[in-house]
Amino acid sequence: MAGRVEGKVAFITGAARGQGRAHAVRLAQEGADIIAIDVCQQLPRVAFAMSTPEDLAETVRLVEKTGRRIHAVQADVRDYDAMKAVVDDGVAQFGRLDIVIANAGIGPNGSLMHKMDHQTWQDTIDINMTGVFLSTKVAIPHIIAGRRGGSIVLTSSVGGLSANQFVGHYVTAKHGVVGIMRTLALELGRHSIRVNSLHPTQVSTPMVLHDLTYKMFCPELENPTVDDFAARSQALHVLPTPWVDAEDIANAALFLCSDEARFITGVTLPVDAGTLIK
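Residues numbered from 1 in each chain as written. Predicted model: local features only at pLDDT ≥ 70, side-chain atom pairs only at ≥ 80, totals over all residues. Heavy atoms only, no water.

(A) Representation of the pairing of strand S2 (residues 33-38) in the model. With respect to burial, S2 is a largely interior element, six of its six residues being buried. The side-chain alternation of S2 yields two buried faces, one formed by Asp 33, Ile 35 and Ile 37 and the other by Ile 34, Ala 36 and Asp 38. The pairing of strand S1 (residues 9-13) with S2 spans five bridges and is classified as parallel. Across the sheet, residue Phe 11 finds its bridge partner in S2, namely Ile 35. As paired elements, S2 and strand S3 (residues 70-74) share five bridges and run parallel to each other. When the sheet's bridge partners are listed, Ile 37 is paired in S3 with Val 73. Assessed by its sense of winding, the connection that carries the chain from S2 through helix H2 (residues 53-65) to S3 is right-handed. (Buried < 20%, exposed > 50% of the residue type's maximum accessible area, 1.4 Å probe, protein only. Helix = DSSP H or I, 4+ residues; strand = E, 2+ residues; numbered from the N terminus. Pairing = 2+ DSSP bridges. Right-handed = clockwise from strand over helix to strand, strands pointing away.)

Structure, rendered in structure tokens:
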């Protein structure tokens, strides 16, 4: 089935690479124009290499290759005014807004909560939870004004439905995303705006596949490798895979954004290879 979001406009955060890029390209393939943001810089206390302006330019190229339009700007999800300007400009260009995928986030630095640096905690809450709130806040008035309904998809994590040691800041933020989702689903239902959350397991993106992750999963090894991490990650899953791909999450988001999910709202949808049933 082609054209599942034909003629719609989607606002996607964290779109320069990884899951965000996969969302942008997948929705464009199915007919949507894209409003995209990403911070595109290395933030303090983030251990893995973050996205660059060149990454965002590649997302633009891939979306335009599908024949769809994209308005892409470097912006931080903690900056309400910057995001509002991007979304307002995008709606002015494309004429509407129908979809939000609040995907931007940072991964955890491993630490016991009582030993965690306060700023590390605050950065994670500000980006992974408050950033999701602000992403919806700048977009919802446009969707309501369109009087066509819409779909909002918030990226949480398996950590938003379960707990793990050493990542309490991440778990707390991702649980908070579920609270945002459920509240918005109740508040926006009368406008035919559906709100759901996605809960991925490990995804094969730069935010996951780096040395700190390997060490978090294999703390007894001096220099764990990706293969060591793969074995530990596989053990968490029911299905025979150590991780899923960004395109797997994008396909789930596409379903939630399409009319096939027109009566699905307030749902926490795992894409987790069975992690949460073990």
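(B) Summary view of the packing of helix H4 (residues 118-146) against helix H5 (residues 168-188). Between H4 and H5, the shortest axis-to-axis distance is 8 Å and the interhelical angle comes to 20°. Classed by the angle they form, the pair H4 and H5 counts as roughly parallel. Both H4 and H5 take part in a crossing whose hand is right-handed. Counted together, Thr 120, Trp 121, Thr 124, Ile 125, Asn 128, Met 129, Val 132, Phe 133, Thr 136, Ile 140 and Ile 144 of H4 and Gly 168, His 169, Tyr 170, Thr 172, Ala 173, Lys 174, Gly 176, Val 177, Ile 180, Leu 184 and Leu 188 of H5 form the full contact between these two elements. Of the residues assigned to the contact of H4 with H5, the class counts are 13 nonpolar, eight polar and one charged. (Axes fitted to C-alpha atoms, helices over the stretch in contact; angles between N-to-C directions. Parallel < 35°, antiparallel > 145°, perpendicular 65-115°, else oblique. Left-handed = near helix turned anticlockwise from the far one by under 90°. Contact = heavy atoms within 4.5 Å. Nonpolar A, V, L, I, M, F, W, Y, C, P; charged D, E, K, R; others polar.)

(C) Broad picture of the nonpolar core. If you look at the biggest cluster of nonpolar residues, it comprises 39 residues, and the most contacted ones within it are Phe 11, Ile 35, Leu 97, Ile 152 and Leu 154. Elements represented by at least two residues in this core include exactly S1, S2, helix H3 (80-94), strand S4 (99-102), H4, strand S5 (150-155), H5 and strand S6 (193-200). Among residues more than four places away in sequence, those in contact with Phe 11 are Ile 35, Ile 37, Met 83, Val 87, Leu 97, Ile 99, Val 100, Ile 101, Ser 135, Val 138 and Ala 139. (Core = buried A, V, L, I, M, F, W, Y, C linked by side-chain atoms within 4.5 Å.)

(D) Representation of the pattern of salt bridges. Evaluated as defined, the whole model comprises 13 salt bridges. With its nearest N and O atoms 2.8 Å apart, the salt bridge here joins Arg 96 to Asp 98. With relative accessibility at 23%, the residue Arg 96 sits in the partly exposed group. The class for Asp 98 is buried, based on a relative accessible area of 3%. What emerges from the salt-bridge pattern is a single network uniting Glu 6, Asp 33, Arg 68 and Arg 69. (Salt bridge = Lys/Arg side-chain N within 4 Å of Asp/Glu carboxyl O.)

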